[in-house]
Amino acid sequence: MFLQIKDLHKNFWTRQGELVVLKNITMDIHQGEFVCALGASGSGKSTLLRQIAGLDQPTSGEVRIEGRRIVGPGPDRGMVFQHYTLYPWMNVQANTEFGLKLQGVPRQVRREQASYYLSVVGLTQFARALPRELSGGMKQRVAIARALASEPKILLMDEPFGALDVHTKEAMHEFMLDLWQRTKITVFMITHDVEEAVFLSGRIYALGSRPGTIRKEMVINLPHRDHTVKRQAIFHDYRDELMDLMRKHGQEALAAVA
Amino acid sequence: MNSPHPIQSLVKPRVIKPTVFWRLAEDIPSTLSSTLILVSVLFPLVTWWAITTFGQVDPKFLPSPQQVIEAGVRLGRSGDLLRDTVASLWRVGVGFAWAALISIPIGVLMGSFASIRALLEPLFGLMRYMPAPAFIPLLILYLGIGEEPKITLIFIGVFFFNSLMVMDTVKFVPKELIEATYMLGGTRWDTLGQVILPHVVPGIIDACRINLAAAWQLVIVAELIAATDGLGRRISVAGRFLRTDEIFVCLIVIGMIGLLMDLGFQALLRSTCRWASQRR
Ligand SMILES: Nc1ncnc2c1ncn2[C@@H]1O[C@H](COP(=O)(O)OP(=O)(O)OP(=O)(O)O)[C@@H](O)[C@H]1O
Ligand SMILES: [Mg+2]
């Protein structure tokens, strides 16, 4: 087992009392898989990813990578955050190199490595641009290149395309699939977008809200992955099933609040 | 849908009319802006000139622009003005440099570590509200009337404010930027030196710009009270002998130097922090 999450619980103490955000999360992700966690806003997706990243400690349960328990953040896991996290004073090249610099990689090596991953994400011409001169989609591609440059064991992504328009998003999906096939990297991605999850992942964990629990695990078997597949019946079946599931949870959650 | 009130019948329709002069948070045309700048400079000068020319004012009370220029030339020729300016600038330079040198790292540490903040913030917050000029008698008592009490006064006046202002800029570093650095393999030390520090450089420059203005005022106050040279000293001597024109010369020089220091810091900010220029 590559990434193993076992019996993970996470509670927060707030002014209103104890808030159970994640309950009973158990997941296994194998090497080279592309797995999505799908859930509505507030279902605890970012919280889950933060436990895997080691930026936060679970209340109980554990996360292991290649059998080793995660106790803190580290470059063996590449992280792409929900919000833009490029360093605004560094140009694109320096941003991409920065992880390698922190890890003490010699200048020449890290320059070539960063250039390579910038070409992978198609941003070679923008190497000298500052982040504020980039569009949202380009910023996320730099963030992906920056995470990939250290060649992590797994790429963790928190709704990386959530802020993009439909067409840019579609282009980023094709880009992600292409990248995944070429680099064979393990990807764990978080999203609230059902079509995105079905199109990209081999497996989906659908999360319910309040508290966040795994409602369903679903293996996706699409005959091929390009945008035409989105018009096929099998794609619609997956999508509709997940949509129904999420709608039902949404209504339950609303009823629970009311 | 039935809301409890027929809101549309209760609210007045409003439109926002286009305007040039009263635009909120927008630029005005450059011709208008240069006209307004010119007016703001010329209006007080012309008023001053008109009052002294047509108003039968005693020059001991309000000298005319010509008299002030003459006094300026006189002071300049004799070398007094330069000597006093250098004396004041030197005190500010030394006191401010020491204060900045120590307060910047302390402010960064206070902003970064809640522990250091808890240790120092109560004391600094209290000291900040003790007006620095009120320390002058104590400083004279402890340090005499040489350069030390004046430099120390500037240090006290700048140090606490600057530490707290630098601390505040550090708090604006997004948490996610720090976490992203951890995920890229950075240690806490790396994060402090290579992420937090560059991120707060514009804020530090700005804090220093504001506190240098305070230092410049303090040196004049200190010299007014006890000094043998300096622009403040010259003002107090000129006041004693009713040389009002010399007071005006010194005030104008003080203002110009302050303005130049401010512009210098603004230029420094623009040239070193191009990435931040859109934020301000
Ligand atoms: N540090 C915290 N302290 C208290 N409550 C928190 C904290 N972090 C998250 N929560 C709560 O946990 C719940 C889940 O938050 P989380 O950010 O994980 O949701 P999400 O699924 O990522 O939502 P979105 O899709 O909007 O990003 C929310 O109700 C939130 O209020
Ligand atoms: Mg989130």
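On a predicted model such as this, the values are computed, not experimentally measured, just so you know.

1. Comments concerning the packing of aromatic side chains
A complete count under the given rule lists 12 aromatic pairs over all chains for this structure. Look at Tyr87(A) and Trp89(A): their rings are 5.8 Å apart centre to centre, the planes differ by 55°, and that puts the pair in the tilted class. Residue Tyr87(A) is classed as buried on the basis of its relative accessible area, which comes to 0%. Look at Trp48(B) and Phe248(B): their rings are 5.6 Å apart centre to centre, the planes differ by 25°, and that puts the pair in the stacked class. Of this pair, Trp48(B) sits in helix α2 (residues 30–54) while Phe248(B) is found in helix α11 (residues 244–272), placing the two residues 200 residues apart along the sequence. A residue is classified by how much of its surface remains accessible, and Trp48(B), at 16% relative accessible area, is buried. Taken together through their ring pairs, the aromatic side chains of Tyr87(A), Trp89(A), Phe98(A) and Trp275(B) make up a single cluster. Seen from the ring of Phe199(A), Lys230(A) lies directly overhead, with NZ or CZ sitting 4.5 Å from the centre.

2. Structural notes on the confidence of the model for chain B
In this model, chain B carries an average pLDDT of 89, and 98% of its residues clear a pLDDT of 70 or more. As scored by the predictor, the complex reaches a pTM of 0.83 and an ipTM of 0.88.

3. Some details on the sheet that holds strand β10 (residues 213–219) of chain A
Residue and element names in this part refer to chain A. If you trace the 6 strands from one edge of the open sheet to the other, you get β6-β7-β8-β3-β9-β10, paired in mixed fashion. Sheet topology places β6 (77–80) and β10 at the edges, where each strand pairs with a single neighbour. Adjacent strand axes in the sheet meet at a mean angle of 15°, parallel and antiparallel pairs treated alike. The pairing of β6 with strand β7 (residues 154–158) spans 4 bridges and is classified as parallel.

4. Description of a positive patch on the surface
Residues and elements named next belong to chain A. On the surface, a cluster of positive charge is contributed by Lys101, Arg107, Arg111 and Arg128. Secondary-structure assignment places Arg128 in the loop between α3 (107–120) and α4 (136–149). On the basis of relative accessible area, Arg128 is assigned to the exposed category, the value being 73%.

5. Points about the site of ligand 1
Residue and element names in this part refer to chain A. Ligand 1 sits among 14 residues. The nearest are Ser41, Lys45, Ser46, Thr47 and Glu159. Take Lys45: an N or O atom from its side chain is 2.7 Å from an oxygen atom of ligand 1. In the complex, 63% of the free accessible area of ligand 1, which totals 630 Å², lies under the protein chains. Residue assignment for the shell around ligand 1 shows that the elements contributing at least two residues are β1 (3–14), β2 (17–29) and α1 (45–53). The element best represented in the shell around ligand 1 is α1, accounting for 3 residues. Residue composition of the shell around ligand 1, grouped by class: 4 nonpolar, 8 polar and 2 charged.

6. Examining the coordination of the magnesium ion (ligand 2)
Coordination sphere of the magnesium ion (ligand 2), protein contribution only: Ser46(A) (OG) and Gln82(A) (OE1), at 1.9 to 2.5 Å. Of this pair, Ser46(A) sits in helix α1 while Gln82(A) sits in the loop between β6 and α2 (92–102); the two residues are 36 residues apart in sequence, bridging distant segments of the chain.

7. Quick word on the domain arrangement of chain A
All names here are of chain A. Domain parsing of chain A yields domain 1 (12–76 + 154–258) and domain 2 (84–151). Contact with domain 1, which involves 14 residues of that partner, is made by 12 residues of domain 2. For the pair domain 1 and domain 2, the two sides together bury roughly 980 Å², of which 79% comes from carbon and sulfur. Among the residues of domain 1 in contact with domain 2, Pro75, Met172 and Phe175 are the three that bury the most area, contributing 36% of the side total. If you look at where domain 1 meets domain 2, you find 0 salt bridges. Joining domain 1 to domain 2, the criterion identifies 1 residue pair in polar contact (both at pLDDT 80 or more). Element by element, the count of residues in the side of domain 1 that touches domain 2 is highest for helix α5 (residues 166–183), at 6 residues. The class makeup of the residues in the side of domain 1 that touches domain 2 is 12 nonpolar, 1 polar and 1 charged.

8. Details of the interface of chain B and chain A
Where the parts come together, the accessible area they lose is often given as the size of the interface. Across the contact, 20 residues belong to chain B and 24 residues belong to chain A. Taken together, both faces of the contact between chain B and chain A bury some 2100 Å²; the carbon and sulfur share is 66%. It is Met183(B), Leu184(B) and Trp275(B) in chain B that bury the most area against chain A; as a group they hold 38% of the surface buried on that side. With a shortest N-O distance of 2.8 Å, Arg50(A) and Glu179(B) are connected by a salt bridge. Linking chain B with chain A are 4 residue pairs in polar contact (both at pLDDT 80 or more), by the criterion used here. When residues of the side of chain B that touches chain A are traced back to their parent elements, those giving at least two are α8 (175–183) and α9 (188–225) of chain B. Broken down by element, the residue count for the side of chain B that touches chain A peaks at 8 residues, all from α8(B). In terms of residue class, the side of chain B that touches chain A is built from 8 nonpolar, 7 polar and 5 charged.

About the cut-offs
- Residues numbered from 1 in each chain as written.
- Chains lettered and ligands numbered in written order.
- Predicted model: local features only at pLDDT ≥ 70, side-chain atom pairs only at ≥ 80, totals over all residues.
- Heavy atoms only, no water.
- Phe/Tyr/Trp six-rings, centres within 6.5 Å; stacked < 30°, edge-to-face > 60°.
- Buried < 20%, exposed > 50% of the residue type's maximum accessible area, 1.4 Å probe, protein only.
- Helix = DSSP H or I, 4+ residues; strand = E, 2+ residues; numbered from the N terminus.
- Lys NZ or Arg CZ within 6 Å of the ring centre and 35° of its normal.
- pLDDT = per-residue confidence, 0-100.
- Pairing = 2+ DSSP bridges.
- Axes fitted to C-alpha atoms, helices over the stretch in contact; angles between N-to-C directions.
- Patch = residues over 30% accessible without salt bridge, like charges linked within 9 Å, V, L, I, M, F, W, Y side chains within 5 Å.
- Areas by Shrake-Rupley, 256 points an atom, 1.4 Å probe, with all protein chains shown as cover.
- Salt bridge = Lys/Arg side-chain N within 4 Å of Asp/Glu carboxyl O.
- Lys, Arg positive; Asp, Glu negative; His and termini not counted.
- Charge placed at Lys NZ, Arg CZ, Asp CG, Glu CD.
- Near = heavy atom within 4 Å.
- Polar contact = N/O pair within 3.5 Å; in protein donor to acceptor, adjacent residues only side chain to side chain.
- Nonpolar A, V, L, I, M, F, W, Y, C, P; charged D, E, K, R; others polar.
- Donors = N, O, S within 2.8 Å, 3.2 Å for Na, K, Ca; no water.
- Domains from an automatic or database assignment.
- Contact = heavy atoms within 4.5 Å.
- Buried area = accessible area lost by both parts, 1.4 Å probe.

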